[in-house]
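# Inside the fold
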Amino acid sequence: MDMEPIKVLLIEDNVGDCELILKMLESSEIAEFKLTHTSRLTSGLKLLETGKFDIILLDLGLPDSVGFESFKSTLELHPAIPIIVLTGLANEETGIQAIKYGAQDYLVKGEFNGKLLVRAIQYAIERKKLEGLFIY
């Protein structure tokens, strides 16, 4: 039985980082991914209104939104979709703050490989499913 591809929305303005993430996902042997990319938060939020995504990979340094506000806006509008925050070393503290407020994970750019990215995505999706079972 074939599994459906995991639908990933990548909101990332750095073309190099986007290409690297695409290569990481394409090289996965344990899951198939369908990546949709945009470089701005506003266009990402519009895509979320019309498309169905299993997970969001969200850069915290975007041209139209920076830092925690990018995460907060996305979470408020789409709380059911797991979010993995992508951050640079200088912004790692904001990544930790995002976890405290509901991000499923954060990854520091340049410090993860394809296996770690795939595992983070799969775990984030499963944790979000479990959250739905324990609504108070």
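The structure we're discussing is the one just above.
All of the points below concern the structure found in this document. (Residues numbered from 1 in each chain as written. Predicted model: local features only at pLDDT ≥ 70, side-chain atom pairs only at ≥ 80, totals over all residues. Heavy atoms only, no water.)

## Quick notes on the pattern of salt bridges
Inclusion rule: Here a salt bridge means any side-chain nitrogen of Lys or Arg lying within 4 Å of a carboxyl oxygen belonging to Asp or Glu. Numbering of helices and strands runs from the N terminus; a helix is a DSSP stretch of H or I covering at least four residues, while a strand is a stretch of E covering at least two.
Evaluation of the coordinates by the stated rule reveals six salt bridges. The residue Asp17 makes a salt bridge to Lys109 at a minimum N-O spacing of 3.3 Å. With Asp17 in helix H1 (residues 15–26) and Lys109 in the loop between strand S7 (105–108) and helix H5 (114–133), this pair connects stretches of sequence that are 92 residues apart. Two residues, Lys128 and Glu131, come together in a salt bridge whose shortest N-O distance is 3.3 Å. Highlighted residues: Lys128 and Glu131, both in helix H5, separated by three residues, approximately one helical turn. One salt-bridge network, in which partners are shared between bridges, spans Glu12, Asp17, Asp59 and Lys109.

## Focus on the packing of helix H2 (residues 41–50) against helix H3 (residues 68–77)
Which entries qualify depends on this criterion: The axes used here are C-alpha line fits, helices contributing only the stretch in contact, and every angle between their N-to-C directions lies in the interval 0 to 180 degrees. Roughly parallel covers angles under 35 degrees, roughly antiparallel covers those over 145, roughly perpendicular covers 65 to 115, and oblique covers all other angles. Left-handed describes a crossing whose near helix is turned anticlockwise from the far helix through less than a right angle; right-handed describes the clockwise counterpart. Contacts between residues were defined by any pair of non-hydrogen atoms, one from each residue, lying within 4.5 Å.
Following both chains from N to C, one finds H2 and H3 inclined at 15 degrees, their axes separated by 11 Å at the closest point. In terms of axis orientation, H2 runs roughly parallel to H3. Relative to H3, H2 is oriented so that their crossing is right-handed. Here Leu41, Leu45 and Leu48 of H2 lie close against H3, whose contacting residues are Ser70, Ser73, Thr74 and Leu77.

## A look at the pairing of strand S2 (residues 33–38)
When a strand is regular, its side chains alternate between the sheet's two faces. The test is simple: If DSSP finds at least two bridges between two strands, the strands pair. With strands facing away from the observer, any crossover in which the path from the first strand over the helix to the second runs clockwise is taken as right-handed.
Note that strand S1 (residues 6–11) and S2 share six bridges and pair parallel. Within the sheet, the bridge partner assigned to Lys7 lies in S2 and is Lys34. Between the parallel elements S1 and S2, the chain passes through H1 in a crossover that is right-handed.

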